[in-house]
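These are the residues of each chain, in order.
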Amino acid sequence: MARMITRMVANRMTTALLALVVGVVAGLLLGPAAPGWLVPYLAVAVVAALDAVLGAARAFVERTFDDRVFVVSFLGDVAVAVLLVLVGELVGFADALSTAVVVVLGIRIFTTATALRRALVGR
Amino acid sequence: MNEPAESAQEADPTSVAAPQRQSSAPKTKAAPRAEAADRAEAADRAEAPDRTEAEERAEVEERAEVEERAGTGNPVGPADGGAADGGAAGHAGRVLRIATLVLLAALGFGGVVAVRSASPSFSVARAGPDRLAATLRAIGAADRSLAAQEGRLRQTAGVTSASPAASVPGVGRPSGTSTRSPATGTADGDPAGTGDLAVAGGTGPGDAADELAVLAGTVPVTGPGLELTVRDPNRSVDASVLLDALQELRDAGAEAIEIAGVRAGVSTYVADHPGHGLVVDGRPITAPYVLRAIGDAHTLDRALRIPGGVLDTVAARDGAQAGVRTFGRMEIRSLRPTPSPRYARPAG
């Protein structure tokens, strides 16, 4: 039973990493340059997505991962981050708000990374 | 973020084992569902509110089954997806799983694109005018400080090569001689007194005098350049505008400048002359003001067109208009009096 779960974890992890690699390779091969107006949004979106994925990794290690939660949190986080930057752009402090988003997400990423490390090393 | 995850993965052994009971379901029933996964998910969402506990339970079982299938490496086939009552939920789970992978791929893709877009060449290409102006200023400042450093180093090189006579012949000034002009062979033969000047300019005494005369405005000059004409019918352009234009042209590397027929030099000033126009170096001038500058015409042109720069400033003044014409070759014939310093002498 325990062995089966371990294998399952390893397998899903592999698939996830494979998907990530596929995305990276596609980006490298197609090599599109984001249009100028998109770049600030893309940057925060990537950081938000990174946060979501790290959170998912943590949940995965803690065995509480759920696809539905992940999809919703991923899209939600990205949408909120992009929305904040958009609001900042409209109000006039785009730079300040994207900094705020990145700082908050950065703190979360660190927290998650710590939990992840504890879960992995603590075993 | 993922805390409230359902406890499918932690479900008791019976739920994990459950699929075996259902794996004998008919294959034909599940096959079309696999293709209509999206519709199934939509249906799942639609029926979500009035889901019974049994269905929820079925969904949990279904997910556990999918989990197990992934773990054992079985290909995803219709055979084991056929839980008759929980099918829709199961396909929703599969769609969600695919969505997870798609999102991960999207993250990889977006990350690469973002990193590429943030590389310096892209960031310069899409930087706003303000940012470009700031970058330009920073580069200009770095350029000036490097030029000053170069001057000091040349001077040091001149001193070290000039004082111990011919102990290190020609070693002290190779860089200076190679960059400016080939006519510097004579510099090596200079008496020590003029050596500093020659080394500072990197050229022989005659060339240096000519160059200095160009910069001092005591000789007529010719070369590529541009002409800036400022029309000012309402007398709304004041001295600061022309002074800004002068400085902008100097910053952009203009080597000879003429303001309304007055050759500009280091001590040139522009002052307001209320009711009449302006005064340049003591001479009253009236609109239209014509500035002519010799230098790299393209660079000068761009310098005047910097957003918020000279042309914008003039355009913002009431009724004023500015026009720029570039020339491949033009002449500036107006002269400045030869400066004759009364106090300052070259320091030995």
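Owing to the predicted nature of the structure, the values given are computational and were not obtained by experimental measurement.

Participant: Mind showing me how you'd approach the overall build of chain A here?
Facilitator: On a plain count of helices and strands, chain A comes out with 4 helices and 0 strands. Each helix (α) and strand (β) of chain A, taken in turn from the N terminus, gives the series α-α-α-α. In chain A, buried positions account for 36% of the 123 residues. Taking all contacts inside chain A whose residues are at least 6 apart in sequence as the whole, residues at least 24 apart take part in 69%.

Participant: Can you help me understand the nonpolar core in this one?
Facilitator: The nonpolar side chains of a soluble globular protein tend to be buried, and buried together. Core analysis: the largest hydrophobic core is formed by 39 residues, its most contacted members being V44(A), A45(A), A48(A) and A49(A). Elements supplying a minimum of two residues to this core: helix 1 (2-30), helix 2 (39-61), helix 3 (67-91) and helix 4 (94-121) of chain A together with helix 6 (87-117) of chain B. Looking at this core, the element that brings in the most residues is helix 2 of chain A, giving 16 residues. With sequence-adjacent residues up to four places away left out, V44(A) is seen in contact with A81(A), V82(A), V85(A), S98(A), V101(A) and V102(A). L246(B), L278(B), A303(B) and A322(B) belong to the second-largest nonpolar core, a separate cluster that totals 36 residues.

Participant: How should I be thinking about the packing of helix 3 of chain A against helix 4 of chain A in this particular structure?
Facilitator: Each pair of packed helices can be described by the angle between their axes along with the distance between the axes. All names here are of chain A. Axis separation between helix 3 and helix 4 bottoms out at 7 Å; the angle between their running directions is 160 degrees. Considered as vectors, helix 3 and helix 4 are oriented roughly antiparallel to each other. When you trace helix 3 past helix 4, the crossing you get is right-handed. Counting all contacts with helix 3, which are made through A81, L84, V85, V87, G88 and E89, the residues of helix 4 involved are A94, A96, L97, S98 and V101.

Participant: Is there a simple way to think about the sheet that holds strand 5 (residues 277-280) of chain B in this case?
Facilitator: Within a sheet, neighbouring strands are paired by backbone hydrogen bonds and run either parallel or antiparallel to one another. Residues and elements named next belong to chain B. Reading across the sheet, the 3 strands line up as 4-5-6 and stay open at both edges, with antiparallel pairing between neighbours. At either end of the open sheet lies a strand with only one pairing partner, and these are strand 4 (270-273) and strand 6 (283-285). Direction aside, the axes of adjacent strands within the sheet are offset by 35 degrees on average. As paired elements, strand 4 and strand 5 share 4 bridges and run antiparallel to each other. Within strand 5, the residue paired with A271 across the bridge is V279. Set on the sheet, helix 12 (residues 239-251) makes contact with strand 4 and strand 5; between it and strand 4 the angle comes to about 160 degrees.

Participant: Teacher, can you tell me more about the pairing of strand 1 (residues 221-231) of chain B here?
Facilitator: Residues in a regular strand point their side chains to alternate faces of the sheet. Residues and elements named next belong to chain B. Two strands pair when backbone bridges link them, and strand 1 and strand 8 (residues 321-332) are joined in this way by 10 bridges, in the antiparallel orientation. Bridge pairing in strand 8 places E227 opposite R325. Bridge count between strand 1 and strand 7 (residues 289-294): 6 bridges; the pairing is antiparallel. Note that in strand 7 the partner of T229 across the bridge is V290.

Participant: Where do I start with the environment of A303(B) in this structure?
Facilitator: Residue and element names in this part refer to chain B. Mapped onto the elements, A303 comes out in helix 13 (residues 297-305). Owing to 25 C-beta atoms within 10 Å, A303 belongs among the buried residues under this scheme. Once the C-alpha coordinates of A303 and A252 are considered, the two residues, 51 residues apart in sequence, prove to be 6.1 Å apart. Each residue touching A303, except ones within four places of it in the same chain, is listed here: E248, L249, D251 and A252.

Participant: Is there a simple way to think about helix 3 of chain A in this case?
Facilitator: It helps to recall that an α-helix has 3.6 residues per turn; residues three or four apart then point in one direction. In a regular helix each residue adds 1.5 Å, so 25 residues correspond to 36 Å; helix 3 of chain A covers 36 Å between its end C-alpha atoms and thus fits that length. Within the span of helix 3 of chain A, buried status applies to D67(A), V69(A), F70(A), V71(A), S73(A), F74(A), D77(A), V78(A), A81(A), V85(A) and G88(A).

Participant: It is not clear to me how the environment of R292(B) should be interpreted in this structure. Could you clarify?
Facilitator: All names here are of chain B. Within the element layout of this structure, R292 appears in strand 7. R292 gets classed as buried once you count the C-beta atoms within 10 Å, which come to 25. Here the alpha-carbon distance between R292 and E258, two residues 34 residues apart in the chain, equals 5.1 Å. When sequence neighbours within four positions are dropped, the list of residues in contact with R292 reads G225, E227, E258, M330 and I332.

Participant: Help me out: how do you make sense of helix 13 of chain B in this one?
Facilitator: All names here are of chain B. All of the buried residues along helix 13 are A297, L300, A303 and L304. Relative to the axis of helix 13, the buried residues are bounded by an arc of 125 degrees and lie together on one face. Turned more than 90 degrees from where helix 13 packs its buried face, H298 and R305 sit exposed.

Participant: How should I be thinking about unusual backbone geometry in this particular structure?
Facilitator: Glycine aside, negative phi is the norm for most residues, and most peptide bonds take the trans geometry. All names here are of chain B. Following A287, the chain continues into P288 via a peptide bond in cis, with omega recorded as -5 degrees. With respect to the element layout, P288 can be found in the loop between strand 6 and strand 7. For R235, which is not glycine, the phi torsion reads 50 degrees and is therefore positive. By the element assignment, R235 lies in the loop between strand 1 and helix 12.

The rules behind the values
Going along each chain's sequence as written, the residues are numbered from 1 onward. Chains and ligands are labelled sequentially in the order written, the chains with letters from A and the ligands with numbers from 1. The predicted nature of this model means local features are confined to residues of pLDDT at least 70 and side-chain atom pairs, given and counted, to a pLDDT of 80 or more, with totals for whole chains, interfaces and linings taken over all residues. Numbered from the N terminus, helices here are DSSP runs of H or I no shorter than four residues, and strands are runs of E no shorter than two. For the exposure call, what matters is how many other C-beta atoms sit within 10 Å of a residue's own: 20 or more marks it buried, 12 or fewer exposed, and in between partly exposed, using C-beta atoms placed from the backbone. By the criterion used throughout, residues are in contact when their C-beta atoms, derived from the backbone, lie within 7 Å. By our criterion, buried Ala, Val, Leu, Ile, Met, Phe, Trp, Tyr and Cys residues that link up through C-beta atoms within 7 Å make up a nonpolar core. Where helices are involved, their axes are fitted lines through C-alpha atoms of the stretch in contact, as for all axes, and angles between N-to-C directions lie from 0 to 180°. We call two directions roughly parallel when the angle between them is under 35 degrees, roughly antiparallel when it is over 145, roughly perpendicular when it lies between 65 and 115, and oblique otherwise. We call a crossing left-handed when the near helix sits turned anticlockwise from the far one by less than a right angle, and right-handed when that turn is clockwise. Following DSSP output, two strands are said to pair if at least two bridges run between them. Multiplying 1.5 Å by the helix residue count minus one yields the expected span of that helix. The arc in question is the one spanned by the directions pointing from the helix axis to the C-beta atoms.

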